[in-house]
Amino acid sequence: MRIFGMFHLIKMFRVGYREEFKFISKQLRMIHNDDIQYPGFYLEEASIYVHWPYCRKRCHFCNFNKYIDDNVNHMRMRACLVKEINTIIRECSVKRINSVFFGGGTPNLAEPATIEAVLNAVSNCTELVTGSEITMETNPIGNGSSKLEDFKAAGINRVSVGVQALDDSSLGLLGRDHSVLDALKTLDTAKMLFPHRSSVDILYGLPGQSLESWSATLSKLIPLLDDHISVYQLTLERGTKLFKMCEEGRLAIPEEDVLADMYDLTLEKLDSVGFIAYEISNYSRSLEAQSTHNKAYWQGKQYIGIGPGAHSRFVPLTSDSSSYNLERMGSEKWMQGMREARIQTLEPIPWMREVEKVGHGTRLRRQQNKREVLGELLAVGLRTLEGVTEESWRALSSRAPTLSECFAESPRLAWLFESGLLTFSTSGAIRATRRGWKVLDRIVPHLLDELERALGERGM
């Protein structure tokens, strides 16, 4: 059974026009008052994702929004990131930023001065909470990137190292431009500079990989870990070199039952050394080591995407004017509107031109009614050990039925609970079990159908 793909969710949150929630296809209907009502604590807090779109090369498995450019204009890129932050934060009621995440692309190809300028811009616009998690993805690419010490001095306090594989043949297959030795050196440095706040990304389900070879990889990797690891099943993405090679029969990924065994083995081996699966693909030794930024996604909180192709979910200020011109904000009465899903212009050069001209590179804006907002929370929240809590549910809608009324008491969903795929706690949280995680992509549509029915009965 194929695990509900985290790579798809990462892209959906961060970059690309095609990765909107495909399984939520209902069109907006009549706008209700509830669609524009959010509690103050929800409106005042957010996370920020900053996309650095450049890489030295395109990996064979990756179709993220990335570009190869040997002559990046760092000063121009930096100025545009700062300007877009200044513009978009002014659009909303956010008073506190709880986390900032620099993703890509390859963010450690950016200059540390860019990281520092972005964080200063955030602090100048709103409160960057003391001790906020400031994460940067880093690839162990050796020469050509700034040192992790410089990024720490610029404000980074957590890193996620893209190891992806621990043998050079697999790294070559994936098209990575680092060696195992590069990865080991980077991991050592990361643990020294960011103790208890360094993570590793690793892939399983590679072409030709067996359960035994994956077990050997885990045995080699576990002693090297700090307190966090993200383990993703490889997804063959159309348009990538790896997809083409598998489609032509030159390579083959493991069968579904082998992939399921690999996932079970991962849970078992990491659990044996104190790692808890707090989300389908994420493991930590402690609550403190968990990713604050990613948890904000999974709990349905506001996040603001900055940079080419970045995604956002936040409630903007709005007025009777249809003009999207922030220079008018001082002369009009602004109020809270519906939450919006936004995507910035994909390509870096057009994005920079738009930012320089109007202050932002927002390409797509789409209002979300509460059906869609709650549906998104349900789909991503069930990926976590915590599940979807009544508190997070109520933060998004005070009129919606409770989680119990909507799901636990539904006779149409009883089989999901009776078969051990879902549980409902005494505290009022709905959770997917580990068995449920394996088939979550099949469970979620049933829940969304029931949500649609329950909200319809409430006239929402």
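Given the structure is predicted, the values throughout are model-derived calculations rather than measurements.

Caption draft 1: Summary view of the overall build of the chain. From N to C terminus, the chain includes 18 helices and 18 strands. Relative to its full complement of 460 residues, the chain shows a buried share of 58%. For the chain, the share of sequence-separated contacts (at least 6 apart) that also reach a separation of at least 24 residues comes to 75%. Of the roughly 18800 Å² that the chain leaves accessible, carbon and sulfur atoms contribute 51%.

Caption draft 2: Looking closely at the environment of C92. Structurally, the position occupied by C92 is in the loop between α3 (74-90) and β4 (96-104). Take C92: its relative accessible area is 7%, and that puts it in the buried class. Between the C-alpha atom of C92 and that of P316, which follows or precedes it by 224 residues, the distance is 4.5 Å.

Caption draft 3: Quick look at the packing of aromatic side chains. Considering all chains together, one arrives at seven aromatic pairs under this definition. Residues Y38 and Y42 carry aromatic rings whose centres are separated by 5.2 Å and whose planes lie at 20° to one another, so their mutual orientation is stacked. By relative accessible area, Y38 is classed as buried at 10%. According to the relative accessible area criterion, Y42 is buried, its value standing at 6%. With 5.5 Å between their ring centres and 35° between their planes, Y204 and W214 make a pair best called tilted. One end of the pair, Y204, is in strand β7 (residues 198-204); the other, W214, is in helix α8 (residues 211-221), with 10 residues separating them in the sequence. Per residue, the accessibility class of Y204 equals that of W214, and both read buried.

Caption draft 4: Representation of the side chain of R339 in the model. Mapping R339 onto the fold places it in strand β15 (residues 339-344). One polar contact links R339 to Y42, side chain to side chain, over a distance of 3.1 Å.

Caption draft 5: Expanded view of helix α12 (residues 348-358). Along α12, the positions that sit buried rather than exposed are P348, W351, M352 and V355. Take α12 and look down its axis: the buried residues cluster within an arc of 100°, on one side only. In α12, the exposed residues that point more than 90 degrees away from the buried face are R353 and K357. Phi for G359, located one or two positions after α12, is positive at around 95°.

Caption draft 6: Layout of the packing of helix α13 (residues 370-381) against helix α18 (residues 440-457). The N-to-C vectors of α13 and α18 enclose an angle of 150°; their axes lie 10 Å apart at closest approach. It follows that α13 is roughly antiparallel to α18 by the angle criterion. Where α13 crosses over α18, the two elements pack in a sense that is right-handed. Contact with α13, carried on its side by R371, L374, G375, L378 and A379, involves L440, V444, L447, L448, L451, E452, L455 and G456 of α18 and no other residues of that element. Class assignment for the residues of the contact of α13 with α18 results in nine nonpolar, two polar and two charged.

Caption draft 7: Structural view of unusual backbone geometry. In this chain, G104 is followed by G105 through a cis amide linkage whose omega measures 25°. As for its position among the elements, G105 is in the loop between β4 and α4 (112-125). The backbone of Q164 sits at a positive phi, close to 70°, despite the residue not being glycine. Position of Q164 relative to the elements: it lies in strand β6 (residues 158-164). Judged by relative accessible area, which is 7%, Q164 ranks as buried. At H196, a residue that is not glycine, the phi angle is positive and equals roughly 70°. By secondary structure assignment, the location of H196 is in the loop between α7 (180-193) and β7. H196 sits in the exposed class, given a relative accessible area of 53%.

Caption draft 8: Just the side chain of D226, in detail. Residue position: D226 is located in the loop between α8 and β8 (228-233). Put simply, D226 is tucked away with no salt bridge, and the nearest opposite charge, on R285, sits 6.1 Å away. Looking at D226, its side chain comes within polar contact range of the main-chain nitrogen of R197, at 3.2 Å. Residues contacting D226, with those up to four places away along its chain left out, are K191, F194, P195, H196, R197, S198, F275 and R285.

Caption draft 9: Geometry of the pattern of salt bridges. All chains considered together, the criterion is met by 23 salt bridges. With a shortest N-O distance of 3.6 Å, E44 and K95 are connected by a salt bridge. One end of the pair, E44, is in the loop between α2 (40-43) and β1 (45-52); the other, K95, is in the loop between α3 and β4, and 51 residues separate them in sequence. Overall, the relative accessible area of 23% leaves E44 in the partly exposed class. With a closest N to O distance of 2.8 Å, E248 and R250 form a salt bridge. Taking the relative accessible area as the measure of exposure, E248 reaches 47% and is therefore partly exposed. Taking relative accessible area as the criterion, R250 reaches 53% and is therefore assigned exposed.

Caption draft 10: Structural view of α13. With 12 residues, α13 should cover 16 Å at 1.5 Å per step; its first-to-last C-alpha distance of 16 Å lies within 8% of that length. Of all 12 residues in α13, 12 are buried; the element is thus mostly enclosed. Within the span of α13, buried status applies to K370, R371, E372, V373, L374, G375, E376, L377, L378, A379, V380 and G381.

Caption draft 11: Representation of the packing of α8 against helix α10 (residues 256-271). Look at α8 against α10: their axes get within 10 Å of each other, and the N-to-C directions meet at 25°. Taken together, α8 and α10 sit at an angle that is classed as roughly parallel. Helix-helix and strand crossings are classified by hand; for α8 and α10 the assignment is right-handed. Note on element contacts: α10 touches α8 through V258, D261, M262, L265, T266 and K269, opposite L211, W214, S215, L218 and S219. A per-class count over the contact of α8 with α10 returns six nonpolar, three polar and two charged.

Reading the values: rules and limits
- Residues numbered from 1 in each chain as written.
- Predicted model: local features only at pLDDT ≥ 70, side-chain atom pairs only at ≥ 80, totals over all residues.
- Heavy atoms only, no water.
- Helix = DSSP H or I, 4+ residues; strand = E, 2+ residues; numbered from the N terminus.
- Buried < 20%, exposed > 50% of the residue type's maximum accessible area, 1.4 Å probe, protein only.
- Contact = heavy atoms within 4.5 Å.
- Areas by Shrake-Rupley, 256 points an atom, 1.4 Å probe, with all protein chains shown as cover.
- Phe/Tyr/Trp six-rings, centres within 6.5 Å; stacked < 30°, edge-to-face > 60°.
- Polar contact = N/O pair within 3.5 Å; in protein donor to acceptor, adjacent residues only side chain to side chain.
- Arc of directions from axis to C-beta.
- Axes fitted to C-alpha atoms, helices over the stretch in contact; angles between N-to-C directions.
- Parallel < 35°, antiparallel > 145°, perpendicular 65-115°, else oblique.
- Left-handed = near helix turned anticlockwise from the far one by under 90°.
- Nonpolar A, V, L, I, M, F, W, Y, C, P; charged D, E, K, R; others polar.
- Lys, Arg positive; Asp, Glu negative; His and termini not counted.
- Salt bridge = Lys/Arg side-chain N within 4 Å of Asp/Glu carboxyl O.
- Expected span 1.5 Å × (residues − 1).

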